[in-house]
Amino acid sequence: MIRNFLVKKVVRNNNFTLVLTLFVVLFVFQMINKNYLSLGNIRNILNQAFVMGTLSVGIGCLLICGKADLSSGAIGMMGGLIVTFLLNWGVPWPLAVLITLCAGAVMGSLNAFFTNVLNIMPFIATLGVSSVIAGLGQVFTNLQDIPIYNKSFWVLGSKNFFSTLPLPFLITMVLLLAYGIILKRTRFGRQIYMTGGNASAARLAGINPKKISTILYINSGAIATIAGILTASRMQTGSPTAVLSYNLDAITVGVLGGISFTGGTGSMSGVFIGILLFNSFKNGLVIAGLDSYYQPVASGILLIAALILDFYRERSRLKALRAHEKLG
Amino acid sequence: MEKSNRLKKILASKEFSLFILLVIVVAFYGVASPNGSFLKTRNIRSILDSMTIYTLFAVGGGLVIISGKIDLSPSYVGAVCGVLLAKLLDQGLPWYLVVPICLAVGAAFGLLNAVLINEFNIQSFIATLTTGTFIAQGLVYLIPAGVTYQIKDPVVIWYSTGKIFGFIPITMVISILIIVIFGIVLAKTKFGRSVYLIGGNANAARLAGLKPKKLSYIIFAYSGALGALAGMLYAGRLKSGSLVGTVSYGFPAVTAAILGGISLGGGTGNMLGCFLGLLIINSFNNGLMLMGLKPYWQTVASGVLLLIALTIDYFSTRERKIKLTGSI
């Protein structure tokens, strides 16, 4: 009886479908090209995954809270530039990283200002902030990449464990785990879910929704700079075009992983599987020999599929809630 | 008595304050630009000329925003239709077939957006961003597949680069005709009033017997088709299908519409304000260039202008709300 219940619970779990899809994707591409699951290619996949993976931690928390962030990519890019400038001025790398994180928090607080103080739609406000930051990045660098000469900093992006697990992706996993625990096990985490599920109910329960989203925007800014720092370290350059394009990908993996666009649902474990699924799929297309032009189209179709899935998931959730209310 | 009331109304209107803002921008650059080159006839014509593409995007984008949604895809759709135009013409199809085909492709993109938004409840922002930055952007590379097609069709070149009386560009006439027609449609027809009504309150509109879904399909189709038209004019001007195309035009066009008083909440704004917004932004950017600033600053400026426009929008919406309800 109990075992039956457990099986049901596992099968009904959103992540179950995701894991199943992931296995199908892995199986199909492995059939097409048997180098797909080689150690070298797995390392490739993880190395492509860490930027969007890191961004998706901050963005995921905001999405659960019912907000959106389109500036993470730009903040990450700027973080990479800031750390580059600091290192080239001779600042030791731990200090440079710390200062960059603080700068990211400041940039994140800009989003909080526009969305919470001026009540501007998060999407468009963060898009505006993103444009300003991206533009400043171009102005500072003249659209040129800047090499980093601090060799001890390079280790951050180039170290591998067991020759398959790159350090940047390990950091992404640690962040996912830490925020997964915060979301599920702490008071603050539950407040995030409540704010995203129903902001006015949260307010009536004594939660300050604006305070929560302010913290999360600042947090997302800081996390975005981690992605920027790791990218800069891996490329050994600060680039005004890096990270920018990963913003939408990060949203995609969040939604793919079961975070509802309307807020209030989703988990970091789902995001983790979403990251693996998205990147295995993208890498698989290349491995299968498809023209790289197909990549944006494929990613778009994947995102639309995730959004449509989200629609049906949300509808069945509401149906279940209503049925539950009738019983009660 | 009545006359003074009317004057008061004009002085208090949003369009009047936009006009003042425009005068300030023009006066500033008139004095600050080297040798007063800003106010030379040639420069004024080049400002108006550079506005044509933005105008088409702003009309379609503005229409969607008034209806309470947002459309970020037209600039990408424009890029698709630009390369499509060049390729189809190159394959020997006559212009009177190619132009309608491209317009239909643009409208089809609009319909795709409308399906995602209306049938699957996806937020318009993310749905249009996906179709734009992933699907349309991917097609921009896939359609020409590495070849740059030159446009040699005399008719297409004539309407894209020709000048009436050797002075007024035909594209300028087209864009002004379009903004005037849509201005009249919005202000004077049943369709126009329905657009305002569904933007102001979709539920009330449904209760009043309108069909918000059906209207939304029509509005998005218009937006897509206008994007296609802009892309075709742009390609015609360059005499080739450019891979970059009109992509960078979408963001400033939306900014102009918002600056012109088309509120993001939907239900307010008009094409006159939108036109003034376009004039302000284009004068502003043109002036920046004349002052010898790097072009990268334009990205920063467009973000700053968007945030300013949103802030103004916030305060004016609040005022309207206070007037309507007597409280915030």
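Each remark here, short or long, concerns the structure printed above.
Residues numbered from 1 in each chain as written. Chains lettered and ligands numbered in written order. Predicted model: local features only at pLDDT ≥ 70, side-chain atom pairs only at ≥ 80, totals over all residues. Heavy atoms only, no water.

Secondary structure summary: chain A contains 14 helices and four strands in total. Computed over the C-alpha atoms, the radius of gyration of chain A is 20 Å, within 12% of the 20 Å expected from 2.2 N^0.38 for a compact globule of 328 residues. For chain A, the spread of C-alpha atoms along the principal axes amounts to about 65 × 55 × 35 Å. By residue count, 54% of the 328 residues in chain A fall in the buried class. In chain A, the share of contacts with a sequence separation of at least 24, taken over all contacts with a separation of at least 6, comes to 79%. (Helix = DSSP H or I, 4+ residues; strand = E, 2+ residues; numbered from the N terminus. Rg over C-alpha atoms; globule rule 2.2 N^0.38 Å. Buried < 20%, exposed > 50% of the residue type's maximum accessible area, 1.4 Å probe, protein only. Contact = heavy atoms within 4.5 Å.)

Right, let's talk about the side chain of asparagine 282 of chain B for a bit. Residue and element names in this part refer to chain B. Its location among the elements puts asparagine 282 in helix α13 (residues 271–290). A polar atom in the side chain of asparagine 282 sits 2.9 Å from the backbone oxygen of leucine 278. If we skip the residues at most four places from it in the chain, asparagine 282 touches Ile47, Ser50, Met51 and Tyr54. (Polar contact = N/O pair within 3.5 Å; in protein donor to acceptor, adjacent residues only side chain to side chain.)

Residues and elements named next belong to chain B. According to the stated counting rule, one finds two cavities of 30 Å³ or more in the structure shown. By volume, the largest cavity is sized at about 50 Å³. Looking at the largest cavity, the residues that line it are Leu48, Met51, Thr52, Thr55, Met172, Ser175, Ile176 and Phe275. Counting residues per element, the ones that place at least two in the lining of the largest cavity are α3 (41–66) and α8 (170–188). Looking at side-chain class alone, the lining of the largest cavity contains five nonpolar, three polar and no charged residues. Taken as a whole, the second largest cavity encloses approximately 40 Å³ of empty space. (1 Å grid on protein atoms, 1.4 Å probe; cavity = no way out; pocket = protein on both sides within 12 Å on 5 of 7 lines; lining within 4 Å. Points joined across faces, edges and corners; volume = space filled by probe spheres on them. Nonpolar A, V, L, I, M, F, W, Y, C, P; charged D, E, K, R; others polar.)

How big an interface is tends to be stated in terms of the accessible area lost upon association of its parts. Across the contact, 39 residues belong to chain A and 37 residues belong to chain B. Of the roughly 3,400 Å² buried at the junction of chain A and chain B (both faces included), carbon and sulfur atoms supply 82%. By the criterion of area lost to chain B, the three top residues of chain A are Ile124, Val139 and Tyr293 of chain A, representing 17% of everything that side buries. In this structure, the connection of chain A to chain B is made through zero salt bridges. Connecting chain A to chain B are four residue pairs in polar contact (both at pLDDT 80 or more). For the side of chain A that touches chain B, the secondary-structure elements that each account for two or more residues are α5 (93–117), α6 (122–141), α12 (246–256) and α14 (294–327) of chain A. Looking at the side of chain A that touches chain B residue by residue, the classes come out as 29 nonpolar, nine polar and one charged. (Buried area = accessible area lost by both parts, 1.4 Å probe. Salt bridge = Lys/Arg side-chain N within 4 Å of Asp/Glu carboxyl O.)

What follows deals with the layout of surface pockets. By volume, the second largest pocket is sized at about 1,300 Å³. Around the second largest pocket, the lining comprises 48 residues; the ones closest to its centre are Met121 of chain A together with Gly68, Gln123, Leu264 and Gly265 of chain B. Secondary-structure elements contributing two or more residues to the lining of the second largest pocket are α14 of chain A together with α5 (95–119), α6 (124–142), α9 (190–200), α10 (202–207), α11 (212–238) and α14 (296–325) of chain B. Among the elements that line the lining of the second largest pocket, the one with the most residues is α14 of chain B, at seven residues.

All right, on to unusual backbone geometry then. The phi dihedral of glutamine 236 of chain A falls on the positive side, at around 60°, and the residue is not glycine. A positive phi angle is found at asparagine 121 of chain B, which is not glycine, with a value near 55°. Note that asparagine 121 of chain B resides in the loop between α5 and α6.

Before going further, it helps to spend a moment on the environment of valine 23 of chain B. Along the chain, valine 23 of chain B turns up in helix α2 (residues 14–32). Separated by 257 residues in sequence, valine 23 of chain B and isoleucine 280 of chain B place their C-alpha atoms 8.8 Å apart.

This part takes up helix α9 (residues 187–197) of chain A. Inspection of α9 of chain A places Gly189, Gln191, Ile192, Tyr193, Thr195 and Gly196 of chain A among the buried residues, and these make up the whole buried set. Where the residues of α9 of chain A are buried, they touch α3 (39–64), α8 (167–185), α10 (199–204) and α11 (209–235) of chain A.

Residues and elements named next belong to chain A. Here α12 crosses helix α13 (residues 268–287) at 120°, and the two axes come no closer than 7 Å. Taken together, the axis directions place α12 and α13 in an arrangement best described as oblique. At the point where α12 passes α13, the crossing takes the right-handed sense. Along its contact with α12, which presents Asp249, Thr252, Val253, Gly254 and Leu256, the element α13 presents Val271, Gly274, Ile275, Leu277, Phe278 and Lys282. (Axes fitted to C-alpha atoms, helices over the stretch in contact; angles between N-to-C directions. Parallel < 35°, antiparallel > 145°, perpendicular 65-115°, else oblique. Left-handed = near helix turned anticlockwise from the far one by under 90°.)

Turning our attention to a nonpolar patch on the surface. A cluster of nonpolar side chains, contributed by Val24, Phe27, Val28, Met31 and Ile32 of chain A, occupies part of the molecular surface with about 500 Å² of accessible area. You can see valine 24 of chain A is positioned in helix α2 (residues 14–32). (Patch = residues over 30% accessible without salt bridge, like charges linked within 9 Å, V, L, I, M, F, W, Y side chains within 5 Å. Areas by Shrake-Rupley, 256 points an atom, 1.4 Å probe, with all protein chains shown as cover.)

Turning our eyes to something else, we now look at the packing of aromatic side chains. Ring pairs (aromatic) are described by centroid distance and by the angle formed between their planes. Throughout the structure, instances matching the rule amount to 18 aromatic pairs over all chains. Their ring planes at 40° and their centres at 6.4 Å tell us that phenylalanine 169 of chain A and phenylalanine 272 of chain A sit as a pair that is tilted. Of the two residues, phenylalanine 169 of chain A is situated in helix α8 and phenylalanine 272 of chain A in helix α13; the sequence distance between them amounts to 103 residues. Relative accessible area serves as the criterion here: at 2%, phenylalanine 169 of chain A is assigned to the buried category. Among the residues examined, phenylalanine 272 of chain A registers a relative accessible area of 26% and is labelled partly exposed. Measuring from ring centre to ring centre gives 4.7 Å for tyrosine 54 of chain B and tyrosine 249 of chain B, while their planes differ by 40°; the resulting arrangement is tilted. Residue tyrosine 54 of chain B is located in helix α3, and its partner tyrosine 249 of chain B is located in the loop between α11 and α12 (250–259); the two are separated by 195 residues in the primary sequence. On the accessibility criterion, tyrosine 249 of chain B (17% relative accessible area) is buried. Clustering of aromatic rings is evident, with ring pairs tying together Phe28, Tyr29, Phe38 and Phe284 of chain B. If you follow lysine 159 of chain A out to its NZ or CZ, it ends over the ring of phenylalanine 161 of chain A, 5.4 Å from the centre. (Phe/Tyr/Trp six-rings, centres within 6.5 Å; stacked < 30°, edge-to-face > 60°. Lys NZ or Arg CZ within 6 Å of the ring centre and 35° of its normal.)

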